[in-house]
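Overview (structure and organization)
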Amino acid sequence: MSGFVRASFPVMGTVASLVIAPSDHLDTGQVRSAIDMTRLSLETDDHRFSHYRDDSDIMKWSAGGSVNSDAVAEIDAVLRQCLLLREESGGAFRVNHPVTGALDTAGYVKGYAIAKAVARVRELGVHDFVLNVGGDSFNSGRASAARPWRVAIAHPTQTHAVAEVVEAENLAVATSGTSQRGEHIWRIARHDLLSFSVIGPDVVLADAYSTIGFVMGEAGLEWVSAHEGYRCVVIRADGSILSDAALVS
């Protein structure tokens, strides 16, 4: 395979993209299987965990409907992890809307779905790739022998502008903020942050930590950085950037 292979498709109310680096060790069949497996894995988790589909397993389960035992076990496991994050973050991470009480695991399940898809692609013998879902990515391996992947962190107020570039090898980059869908994070406190990005080895935790960090405001930098291997890039409303991410250039 001589060039980068790119594929994208809609899922989870957003767009997923897969970029596979050139490799002499991959054939067309492996690449095709990686694309197909990525799509199947993400679509399966969308059907299980979407809060925007009445037919998803978690929506049927929360309404007292019938779902299979595998779905119940996985929903239960995800909720346990969400509750642990709520405890660890002092309530900044929540799984229920504070007004309606509706179940909402969105701050966890996107990263969770990305992690599952990444594992399945690697099982196919594909190791150098980037999977991005709605702006959150896991960057597996390297773009080439000469350099790691380079991940652009979008500027939250300037269309198509890049605020920072992160070099990432086997690292996740996850961002929470108000720029893409307005103030959709109903957990937010009042502060002047526009986006909060987390770089770290586990995409599930990076995704959750970016939500927690954004809710906490600037105090979130210290909270996230207390977790070994995790760093932040935070953009204020005035355009200034706070960062402890040594990988940012």
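Residues numbered from 1 in each chain as written. Predicted model: local features only at pLDDT ≥ 70, side-chain atom pairs only at ≥ 80, totals over all residues. Heavy atoms only, no water.

The next point concerns the overall build of the chain. The helix and strand tally for the chain stands at 6 helices and 10 strands. Computed over C-alpha atoms, the radius of gyration of the chain comes to 18 Å, within 12% of the 18 Å expected from 2.2 N^0.38 for 249 residues, which places it in the range of a compact globule. Counting only residues that meet the buried cut, the chain has 46% of its 249 residues in that class. Excluding contacts between residues fewer than 6 apart, the proportion of contacts in the chain whose partners are at least 24 apart in sequence is 56%. Total accessible area computed for the chain in this model is approximately 12,000 Å², and 50% of it derives from carbon and sulfur atoms. Where the 21 positive side-chain charges of the chain centre and where its 30 negative ones centre are 3 Å apart. (Helix = DSSP H or I, 4+ residues; strand = E, 2+ residues; numbered from the N terminus. Rg over C-alpha atoms; globule rule 2.2 N^0.38 Å. Buried < 20%, exposed > 50% of the residue type's maximum accessible area, 1.4 Å probe, protein only. Contact = heavy atoms within 4.5 Å. Areas by Shrake-Rupley, 256 points an atom, 1.4 Å probe, with all protein chains shown as cover. Lys, Arg positive; Asp, Glu negative; His and termini not counted. Charge placed at Lys NZ, Arg CZ, Asp CG, Glu CD.)

This next bit is on the layout of surface pockets. Taking a probe equal in size to a water molecule and rolling it over the atoms shows the remaining empty space. There is about 200 Å³ of room inside the second largest pocket. In terms of lining, the second largest pocket is formed by 13 residues, of which the most central are Val 19, Val 130, Asn 139, Trp 149 and Arg 150. Looking at the lining of the second largest pocket, the elements that each hand over two or more residues are strand E2 (14-20), strand E3 (129-133), strand E4 (136-140) and strand E5 (149-154). Top element by residues in the lining of the second largest pocket is E5. It accounts for 4 residues. Each residue belonging to the lining of the second largest pocket can be placed in one class, and the counts come to 7 nonpolar, 4 polar and 2 charged. (1 Å grid on protein atoms, 1.4 Å probe; cavity = no way out; pocket = protein on both sides within 12 Å on 5 of 7 lines; lining within 4 Å. Points joined across faces, edges and corners; volume = space filled by probe spheres on them. Nonpolar A, V, L, I, M, F, W, Y, C, P; charged D, E, K, R; others polar.)

If you trace the 8 strands from one edge of the open sheet to the other, you get E1-E2-E3-E4-E7-E8-E9-E10, paired in antiparallel fashion. The sheet terminates laterally at strand E1 (5-11) and strand E10 (241-243), the two strands that pair on one side only. The mean inter-strand angle of the sheet, taken between neighbouring strand axes irrespective of direction, is 10°. The sheet contact formed by strand E8 (residues 193-200) and strand E9 (residues 231-236) spans 6 bridges and is antiparallel. Each bridged residue has a counterpart across the sheet, and for Ser 197 the counterpart in E9 is Val 233. Those strands touched by helix H1 (residues 28-49) are E1, E2 and E3, and its axis lies near 20° from that of E1. (Pairing = 2+ DSSP bridges. Axes fitted to C-alpha atoms, helices over the stretch in contact; angles between N-to-C directions.)

In this section: the packing of H1 against helix H4 (residues 106-123). In contact at an axis separation of 9 Å, H1 and H4 are set at 150° when each is read in the N-to-C sense. Looking at the two axes, H1 sits roughly antiparallel to H4. Crossing of H1 against H4: the hand is right-handed. Counted together, Ala 34, Met 37, Thr 38, Ser 41, Leu 42, Asp 45 and Phe 49 of H1 and Val 109, Tyr 112, Ala 113, Ile 114, Lys 116, Ala 117, Arg 120 and Val 121 of H4 form the full contact between these two elements. (Parallel < 35°, antiparallel > 145°, perpendicular 65-115°, else oblique. Left-handed = near helix turned anticlockwise from the far one by under 90°.)

What follows deals with the confidence of the model for the chain. In the predicted model, the chain carries a mean pLDDT of 90, and the fraction of residues at 70 or more is 92%. Every residue in residues 180-188 scores below 50 in pLDDT, and together they form 23 contacts with partners more than four places removed in sequence or on other chains. (pLDDT = per-residue confidence, 0-100.)

Right, let's talk about helix H5 (residues 203-216) for a bit. Each full turn of the α-helix corresponds to 3.6 residues, which orients residues three or four apart in the same direction. In a regular helix each residue adds 1.5 Å, so 14 residues correspond to 20 Å; H5 covers 20 Å between its end C-alpha atoms and thus fits that length. Burial of H5 is extensive: 12 of the 14 residues sit out of reach of the surface. For H5, the complete set of buried residues consists of Val 203, Val 204, Ala 206, Asp 207, Ala 208, Tyr 209, Ser 210, Thr 211, Ile 212, Gly 213, Phe 214 and Val 215. Looking at the packing, one finds that the buried side of H5 touches helix H3 (69-88), H4, E4, strand E7 (171-177), E8 and helix H6 (219-225). A distance of 2.8 Å separates the backbone nitrogen of Val 204 from a side-chain oxygen at the start of H5, and that oxygen is part of Asp 202. (Expected span 1.5 Å × (residues − 1). Polar contact = N/O pair within 3.5 Å; in protein donor to acceptor, adjacent residues only side chain to side chain.)

A few words now on the packing of aromatic side chains. Per the counting criterion, the structure on display carries 5 aromatic pairs. Centroid distance Tyr 209 to Trp 223: 5.2 Å. Interplanar angle 90°. Geometry classified as edge-to-face. Placement of Tyr 209 in helix H5 and of Trp 223 in helix H6 is noted, with a sequence separation of 14 residues between them. A connected cluster of aromatic rings, assembled from ring pairs, spans Phe 49, Tyr 108 and Tyr 112. (Phe/Tyr/Trp six-rings, centres within 6.5 Å; stacked < 30°, edge-to-face > 60°.)

A few words now on the pairing of E7. Most of E7 is tucked away: 6 of the 7 residues are buried. In the sheet, E4 pairs with E7 via 3 bridges, with the strands oriented antiparallel. Within E7, the residue paired with Asn 139 across the bridge is Leu 171. As judged from the 6 bridges shared by E7 and E8, these two strands associate in the antiparallel manner. If you follow Thr 175 over to E8, its bridge partner there is Ser 197.

Attention now goes to the nonpolar core. A general tendency of soluble globular proteins is for nonpolar side chains to be buried together. Counting 53 residues, the largest nonpolar core has Leu 42, Tyr 108 and Phe 196 as its most contacted members. Listed in part, the 9 residues of the second largest apolar core include Val 151, Ile 153, Val 166 and Leu 171. (Core = buried A, V, L, I, M, F, W, Y, C linked by side-chain atoms within 4.5 Å.)

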